[in-house]
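Coordinate analysis (summary)
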Amino acid sequence: MTRGRFITLEGMDGAGKTTHLEWLRARLLARGIALTVTREPGGTALGESLRGLLLDSHEPRQPETEALLMFAARSEHIARVIEPALASGQWVLCDRFTDATYAYQAGGSGMAWSRIAELERWVQGGLQPDLTLYFDLTPEVGRSRTRQAREPDRFEREQLGFYERVRAAYLRRAEEHPDRIRIIDASQSIAEVQVELEKIILSI
Ligand SMILES: Nc1ncnc2c1ncn2[C@@H]1O[C@H](COP(=O)(O)OP(=O)(O)OP(=O)(O)O)[C@@H](O)[C@H]1O
Ligand SMILES: [Mg+2]
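Summarised in this report is the structure supplied together with it. (Residues numbered from 1 in each chain as written. Chains lettered and ligands numbered in written order. Predicted model: local features only at pLDDT ≥ 70, side-chain atom pairs only at ≥ 80, totals over all residues.)

**As for the packing of helix α4 (residues 98–108) against helix α5 (residues 113–124)**
Packing of α4 against α5 leaves a shortest axis separation of 10 Å and a crossing angle of 155 degrees. Our classification of the angle between α4 and α5 gives roughly antiparallel. Crossing geometry of α4 relative to α5 is assigned as right-handed. Residues Thr98, Thr101, Tyr102, Gln105 and Ala106 of α4 form the contact with α5, whose participating residues are Trp113, Ile116, Glu120 and Gln124. When the residues that make up the contact of α4 with α5 are grouped by side-chain class, the tally is four nonpolar, four polar and one charged. (Axes fitted to C-alpha atoms, helices over the stretch in contact; angles between N-to-C directions. Helix = DSSP H or I, 4+ residues; strand = E, 2+ residues; numbered from the N terminus. Parallel < 35°, antiparallel > 145°, perpendicular 65-115°, else oblique. Left-handed = near helix turned anticlockwise from the far one by under 90°. Contact = placed C-beta atoms within 7 Å. Nonpolar A, V, L, I, M, F, W, Y, C, P; charged D, E, K, R; others polar.)

**Description of the site of ligand 1**
Among the 17 residues in the neighbourhood of ligand 1, the closest are listed as Gly16, Lys17, Thr18, Thr19 and Arg145. For the shell around ligand 1, the secondary structure elements donating two or more residues are α1 (17–30), α6 (139–149) and α8 (190–202). With four residues, the top contributor of residues to the shell around ligand 1 is α6. (Near = placed C-beta within 6 Å.)

What follows is the structure, given as structure tokens:
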């Protein structure tokens, strides 16, 4: 049994992750690839409960607390969903993963980068995505898109400077992992982004 591919989608709120995940799901299914589609925080009952706690609360929180909750949910998600799917030959498409913890809790909220690296090593062992699609967008464009789509959640209500730091952290991750992370210019039209995605998925 050939192990499946693990693909994550990253980018700030409104960058197009969910839109393009749906499109990728259809493209890969059309190629006859068996898929598990999931998201973080989430993916398990525990993860979905944590997602509610993390995204809906107005209460200020230490970024360390958020990171620990994220990795607690991630540990469960990996053991119960991601690893079994990959081992059975399915590909896994995941809407956000650990790069988002670096981007939001380290970049956005100022937690030490090295602490997240420790948690990453502890919880993931050697597990890393095979491919990460990072949808790069300025905070201004991202906010204008999500405002139209739905009410902002707690993270989205934070300041523009926060999102500038989130973006800078994502770009730092991409620089540190150039073989894994593909930067996609998400200010392009949906159709233009799809042309780029098509090329990328044909090459994997
Ligand atoms: N390239 C694009 N051009 C114009 N609009 C887009 C583009 N990509 C996505 N959108 C629109 O922007 C909105 C946000 O997209 P989407 O929900 O896919 O973003 P997301 O990255 O999943 O955001 P979140 O992190 O909030 O879940 C949607 O209304 C979507 O139709
Ligand atoms: Mg989304």
